[in-house]
Amino acid sequence: MPWRESPQELERARAERPVVIPTPLGALYGIYTPPDPAAPAAGLTTIHFTRPRSHRNRMWVEGARRLASRGFACFRFDYHGTGDSEGESGFLDPNQPYQEDALAAMRHLREHLGARRFVLTGSCFDARTALSTLGEEGHAVEGLVFIAAPVMELSTMVKVDADHRSWRHVRLAMLKPENWRAMMRTDRWRYVGTLLGRMVRRSVAGVQQDHPLSPAFLEHFRALTRSGARALFLYGEDDAEYQSFRVAERTLFPALPSEIRARYEVVVWPGVVHGGFLDMTRQREIFRKALAWVEALHPQAAALPPLPAPVVPRAGSAAGAVPP
């Protein structure tokens, strides 16, 4: 556990309760963390979409208890076919998000636990799942944290990756033992073959162009713009996923009316965010940014006491400059 729980957070841990949500695909199992009755009420329920429900290094266990100690209700759960939940597991395609699981959770929290307004957080597949709820539940969503998610079809993402790589990237990749170990997987051979073929054709033809955004993403993004919700989009400039999002930056965001665009914060850090979840230093940076953004949605945010100083990772963990 990378943090020391405050007395208030320990009280929130003791107040947590299990929740079971029946769905056609199987019962969903989750944990509800009620807000501290002594804290200023946020009137918001934060749902952390993630796999497993604790996230890496129990990040959203910490986040749920900390937010709850500051007046937020919080919920984290396992999708069908994952963790403790029932149902069949399957390949996770961000363009086919688990929308029904997400909507079932929101309805249950409203009907049984009094939730009225929601804040949704997620990265990659989970961010796309959170975004997918806006069509039906946009009226009830206050904010969305959307971290390092692809916004194109997966087959197109390989082409995007190839169009933004140089042969120097390939040479450096060949020096990393973990890349050779990954080649034991059939799907990795297929990916590398497609990528190299694309790079060769680009070298000959000299063509690099924008690629179409996923129809599912476009539909859900339009629902976001209609909803009135605020959103944080967080990427790393070296993320393959960011290369797809750059198309949205060039085509979707400039066309938004100024009052809608003002609701969205786009943050791009040096290095990686998507792959950075494996780097404890970067993981803590992502966590602190997401938590601070959610806390700022509290109607009495200015009156909340400052958070404890962040824990410094142990010696030997990967180091990197902390973004502002």
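Here is a short report on the structure shown in this document. (Residues numbered from 1 in each chain as written. Predicted model: local features only at pLDDT ≥ 70, side-chain atom pairs only at ≥ 80, totals over all residues. Heavy atoms only, no water.)

### Regarding the overall build of the protein chain
Right, on to step 1. Each helix and strand counted, the protein chain has 13 helices and eight strands in total.
Right, on to step 2. A burial count over the protein chain gives 51% of its 324 residues as buried.
Right, on to step 3. A separation of at least 24 residues holds for 76% of the contacts in the protein chain among residues at least 6 apart in sequence.
Right, on to step 4. Surface accessibility of the protein chain: about 15600 Å² in total, with carbon and sulfur atoms responsible for 56%. (Helix = DSSP H or I, 4+ residues; strand = E, 2+ residues; numbered from the N terminus. Buried < 20%, exposed > 50% of the residue type's maximum accessible area, 1.4 Å probe, protein only. Contact = heavy atoms within 4.5 Å. Areas by Shrake-Rupley, 256 points an atom, 1.4 Å probe, with all protein chains shown as cover.)

### Some remarks on the nonpolar core
Right, on to step 1. Core analysis: the largest hydrophobic core is formed by 74 residues, its most contacted members being L120, F146, L224 and F233.
Right, on to step 2. The biggest single contributor to this core is helix α13 (residues 280-295), with six residues.
Right, on to step 3. Excluding its chain neighbours within four sequence positions, the residues that come into contact with L120 are I47, F49, M106, A130, T133, L134, V141, G143, L144 and V145. (Core = buried A, V, L, I, M, F, W, Y, C linked by side-chain atoms within 4.5 Å.)

### Concerning the environment of I21
Right, on to step 1. When you line up the elements, I21 lands in strand β1 (residues 17-21).
Right, on to step 2. Relative accessible area serves as the criterion here: at 2%, I21 is assigned to the buried category.
Right, on to step 3. Sequence separation of I21 and A105 is 84 residues, and the distance between their C-alpha atoms is 6.9 Å.
Right, on to step 4. The residues touching I21, leaving out its near neighbours within four places in the chain, are G26, A27, L28, F75, A104, A105 and H108.

### Quick notes on the pairing of strand β4 (residues 73-77)
Right, on to step 1. Of all the five residues making up β4, five are buried; the element is thus mostly covered by neighbouring parts of the structure.
Right, on to step 2. Pairing analysis gives four bridges linking strand β2 (residues 28-33) to β4, with the strands arranged antiparallel. Each residue of the ladder has a partner; that of T33, found in β4, is C74.
Right, on to step 3. Sheet topology note: the strand β3 (residues 45-48)/β4 ladder contains four bridges and is parallel. If you follow H48 over to β4, its bridge partner there is R76.
Right, on to step 4. Once you follow β3 into helix α2 (residues 59-69) and on to β4, the crossover reads as right-handed. (Pairing = 2+ DSSP bridges. Right-handed = clockwise from strand over helix to strand, strands pointing away.)

### Points about the packing of aromatic side chains
Right, on to step 1. This structure, assessed with the given rule, holds 19 aromatic pairs.
Right, on to step 2. With centroids separated by 5.6 Å and ring planes inclined at 15 degrees, the aromatic side chains of F75 and F77 adopt a geometry described as stacked.
Right, on to step 3. Judged by its relative accessible area of 1%, F75 is buried.
Right, on to step 4. Consider the rings of Y79 and Y98, whose centres lie 5.4 Å apart with planes at 90 degrees: the pair is edge-to-face. In this pair, Y79 sits in the loop between β4 and α3 (99-113) while Y98 sits in the loop between β4 and α3, placing the two residues 19 residues apart along the sequence.
Right, on to step 5. Members of the aromatic cluster, connected to one another through ring pairs, are F146, F217, F221, F233, Y235, Y242, F245, F253 and Y264. (Phe/Tyr/Trp six-rings, centres within 6.5 Å; stacked < 30°, edge-to-face > 60°.)

### Some points on the sheet that holds strand β8 (residues 264-269)
Right, on to step 1. Strand order across the open sheet formed by eight strands is β1-β2-β4-β3-β5-β6-β7-β8, with mixed pairing between neighbours. Both edges of this open sheet fall to β1 and β8, since each of them pairs with a single strand only. The sheet shows a mean angle of 20 degrees between the axes of neighbouring strands, taken without regard to direction.
Right, on to step 2. Judged from the six bridges that link them, strand β5 (residues 118-123) and strand β6 (residues 141-147) form a sheet pairing that is parallel. Bridge pairing in β6 links L120 to L144.
Right, on to step 3. Sheet strands touched by α3: β1, β2, β3, β4, β5 and β6. Its angle to β1, the strand with the most contacts, is close to 120 degrees.
Right, on to step 4. Docked against the sheet, helix α11 (residues 240-251) engages β7 (230-236) and β8, running at close to 135 degrees with respect to β7. (Axes fitted to C-alpha atoms, helices over the stretch in contact; angles between N-to-C directions.)

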